[in-house]
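# Per-entry structural report
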Amino acid sequence: MKPRLKQWFKSSKIWVWPIYLFLVVFVIFPLIKLFVDSFSTAEVQMSSLNEAVLYIDLFEENYLAGEKEETIRMLEEVDHQLPRSVDVVDRMKEALAKASFSQEELITRWQAGKDSLLVTIAALEKAGPNPDEAYPLALEARTLIKELQGLPKSAFSVKFFLDVFRDKLYMKALKNSLLLGIASVITTSIIGFAVAFILVRYDFPGRKAFSFLTTVPIVMPPLVGILGFVFILGRGGTINEVFFLLAEKLETSWPVLANWLFDHLPFNFVYGWHGLLLVETVHLFPLITLNVLDSLGKIDASLEEAAESVGSIGMKRLFDITIPLTIPGFVTGALLVFIGAFADFTAPMIVGLTDFIAPLAFMDIQQFTDRHLFKMGITVGAVMVVISIGLLLIAKNYVAMKDYSTLSYRPVERKALKGKGAVAAFTFLVVLIIISFIPYLGVALASFARSWSMSPLPTSWTLVHYEKVLLYAPGYIINTFRFCLLAVALCILIGVPISWILARTQLRSRGMLDILTMLVLALPGTALGIAYIRAFNSPILISKPLANIWIIIPIVLAVRRLPYTVRSSYSSLLVVHRSMEEAAESVGAGGLKIFKDITFPLIWKGVLAGALFSFMTSIQEAAATILLSIPGWETMTVGIFTFYQGGTHGDAAALGFILIIVGVITLYAMDKASRAAKGGLFG
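First, a word on what this report is: a plain description of the structure on this page.

## Topic: the packing of helix H24 (residues 525-535) against helix H25 (residues 552-574)
- Two elements in contact, H24 and H25, have axes whose closest approach is 11 Å; the angle formed by their N-to-C orientations is 140°. Considering the angle they form, H24 stands oblique to H25. Considering how the two elements wind past one another, H24 and H25 form a crossing that is right-handed. On H25, the residues that touch Gly525, Leu528 and Tyr532 of H24 are Ile552, Ile555, Val556, Val559 and Arg560.
- Taken together, the residues of the contact of H24 with H25 sort by class into six nonpolar, one polar and one charged.

Following this line, the structure appears as structure tokens:
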């Protein structure tokens, strides 16, 4: 094993090591920590032991200084804290007793420490308030407590991991989340594939505009989308208020319909499963479209022509030839959709649905009073990772079962849409865009509304919400740009070298890098946030825990979005022929100079497209940033969530609308860069 490791180090490049170090520290280590915590006995708070040691230290300090009154007071505190230390030992023994393997030896050591401590406590009680007699006993107690603190505090246990599957509440939540993920894949697949097929195969007026507009919903996270739908489709939203006005007007001319409306209003458009599915579908269907577009565009026309020649036409040809050939792109999009819906906790919480796995994990982690629930939150995060990785492996193996590559291809020519087909396609796209843009309208109206109650539209307008978020609380916006730009810089610094290794080298580590990149793509934000809380809540190398320093947020954003930069850069590298680099190498140019002078000028647009997509998706990240938010360093999504939870909906809408505008501008720039790159983001 050692010679192999040595050989691997020799064959590796030195500049590769920092990349591996980053991935090990910020991907592998948090996941290992998450699973170690999940498969261990319950945590027992050690604060009572720490406080007992602290008060003994203060007692000793005052005793040696001759401060009699303060010494007696500290002795009383010591007498109060020591019995609490005994309680900690009892709780520790109880936790260790639930380990999967016998811990009798360790429990015996804890019991021996407890017995010795009880003897010392009894002696201290006998000494009474006499500092001279109590002093050596207190020092002995401190020594015993420090010995207890040095004992192992956990053991392997599958209890909590299995408890998730035994608990009816968690099983119901897991079932609901899985169903939401599956339902979102079905709805987004139907819509996303239809959009991609129309845009790739047909030519009609406004096709380029529709190509961009159908991608725009991806810039709005479900957190903002559900707010927009509530403003328009909620019980007191625009549509229900319009129906109320209609019912009032119909009272004289059509009383039956008016009475029916009054009996059934307000209609429930968004509160519940259907509303949640609507939000997830509208936000996520572009992921299917973007991934299927490239696969559709690379189908060889001769394959469909051959199928048509043997009678496979229309829908039969679509299901026999076209759809099967788009599987690689579709599976990637479907996986992203499923994980996005499965791991979303903000949208369910906004509509009052907490019986989903991600909201339960979030609420368990956010509270610190019930250690059992906190432990369950950690374990739920591990369960989410297992499910996501399992689906990733299934998807990867399914795609690998067949070969989808071609030596060359002749693209299918676009057909001009006329007559009923043109009307149907145009109507479908317009209706889809109208529904998709409802949240934008709702957020925009609410952000400018001074008062909006019991009326279809705001009755008065104001800029006070923007004044608040721009002038009095600009930190949300400043922090978002700061963190996301840093995250993009990290994505480029790490992602471009990874893509180079995958596309241009024969390093043995290529397979591992590919696996790690795909793994990151499958990690739910909620689970990664929990993993970071557990991995970096203690000082490592520096005196302050990394989880309490703002840099943790750009790091987690970079990790979450790294695959997009890698994928875009890799696609661009594939269309740059090696002969250009080989020519530079033949005249003595070094690797770095070749990359700087030859390769990067040819791939920079693809790198830019990936970086912009990473930026656009980073500004809308909610799950990980809300979990890891640090006071004074909150992002826009944290601000939106906080404002809405606090009842200041206008401020939440103002922040949301700013996020939308930034996202749309970034998407437009990304679209231009991606088209110019000829590799593309998903190409």
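## Considering helix H7 (residues 159-166)
- Looking at H7, one finds that the buried residues are Phe160, Phe161, Asp163 and Val164. Along the axis of H7, the buried residues cluster in a sector spanning 155°; they form a single face.

## Some details on the pattern of salt bridges
- Using the criterion set out here, one finds 15 salt bridges in the structure.
- Between aspartate 651 and lysine 468 there is a salt bridge, with the nearest N and O atoms lying 2.9 Å from each other. Taken together, the positions of aspartate 651 in helix H30 (residues 649-677) and lysine 468 in helix H21 (residues 464-472) put the pair 183 residues apart, joining distant regions of the chain.
- By relative accessible area, lysine 468 is classed as partly exposed at 31%.
- Notably, a salt bridge pairs arginine 560 with glutamate 621, separated by 3.1 Å at the nearest N-O pair. A residue pair is termed long-range when its members are at least 10 positions apart, and arginine 560 in helix H25 and glutamate 621 in the loop between helix H27 (591-619) and helix H28 (623-628) qualify at 61 residues.
- Judged by relative accessible area, which is 15%, arginine 560 ranks as buried.
- Connected through salt bridges with shared partners, the residues Lys33, Asp37, Glu43 and Arg534 form a single ionic network.

## Structural notes on unusual backbone geometry
- Residue proline 266 is reached from leucine 265 by a cis peptide bond, and omega for that bond is -5°.
- Structurally, the position occupied by proline 266 is in the loop between helix H12 (255-264) and helix H13 (273-297).

## Digging into the packing of aromatic side chains
- Inspection of the entire model under this criterion finds 34 aromatic pairs.
- Judged by centre distance (5.5 Å) and plane angle (15°), the ring pair of phenylalanine 338 and phenylalanine 342 falls under stacked. With a gap of four residues between them, phenylalanine 338 and phenylalanine 342 both fall in helix H16 (residues 327-342), about one helical turn apart.
- Given the relative accessible area of 8%, phenylalanine 338 is considered buried.
- Site record: aromatic cluster; members linked through ring pairs are Phe22, Phe26, Phe29, Tyr532 and Phe536.
- For lysine 159, the ring lying beneath its charged end belongs to phenylalanine 160, and the centroid distance is 4.8 Å.
- Sitting above the plane of the phenylalanine 160 ring, lysine 375 keeps its charged end 5.5 Å from the centroid.

## Quick look at the nonpolar core
- Formed by 155 residues in total, the largest nonpolar core has its most connected members in Leu23, Ile498 and Tyr532.
- If near-sequence neighbours (up to four positions away) are discounted, leucine 23 is found in contact with Ile28, Ile498, Leu513, Leu516 and Leu562.
- Residues Met92, Trp110, Leu117 and Ala127 belong to the second largest nonpolar core, which totals 35 residues.

## Some details on the environment of serine 455
- You can see serine 455 is positioned in the loop between strand S3 (449-451) and strand S4 (460-461).
- In this structure, the C-alpha to C-alpha distance between serine 455 and leucine 245, residues 210 residues apart in sequence, is 8.9 Å.
- Among the polar contacts made by the side chain of serine 455, one reaches the main-chain carbonyl oxygen of leucine 457 at a distance of 2.7 Å.

## Topic: the side chain of glutamate 60
- The topology assignment puts glutamate 60 in helix H3 (residues 47-65).
- There is a polar contact of 2.8 Å between the side chain of glutamate 60 and the side chain of arginine 142.

## What to know about the packing of helix H8 (residues 168-201) against helix H18 (residues 357-366)
- Put simply, H8 and H18 touch, their axes get as near as 7 Å, and they point 130° apart. In terms of axis orientation, H8 runs oblique to H18. For the pair H8 and H18, contact is made by Leu169, Tyr170, Ala173, Leu174 and Ser177 and by Ile357, Ala358, Leu360 and Asp364, respectively.
- Broken down by class, the residue content of the contact of H8 with H18 amounts to seven nonpolar, one polar and one charged.

Cut-offs applied
Residues numbered from 1 in each chain as written. Predicted model: local features only at pLDDT ≥ 70, side-chain atom pairs only at ≥ 80, totals over all residues. Heavy atoms only, no water. Axes fitted to C-alpha atoms, helices over the stretch in contact; angles between N-to-C directions. Helix = DSSP H or I, 4+ residues; strand = E, 2+ residues; numbered from the N terminus. Parallel < 35°, antiparallel > 145°, perpendicular 65-115°, else oblique. Left-handed = near helix turned anticlockwise from the far one by under 90°. Contact = heavy atoms within 4.5 Å. Nonpolar A, V, L, I, M, F, W, Y, C, P; charged D, E, K, R; others polar. Buried < 20%, exposed > 50% of the residue type's maximum accessible area, 1.4 Å probe, protein only. Arc of directions from axis to C-beta. Salt bridge = Lys/Arg side-chain N within 4 Å of Asp/Glu carboxyl O. Phe/Tyr/Trp six-rings, centres within 6.5 Å; stacked < 30°, edge-to-face > 60°. Lys NZ or Arg CZ within 6 Å of the ring centre and 35° of its normal. Core = buried A, V, L, I, M, F, W, Y, C linked by side-chain atoms within 4.5 Å. Polar contact = N/O pair within 3.5 Å; in protein donor to acceptor, adjacent residues only side chain to side chain.

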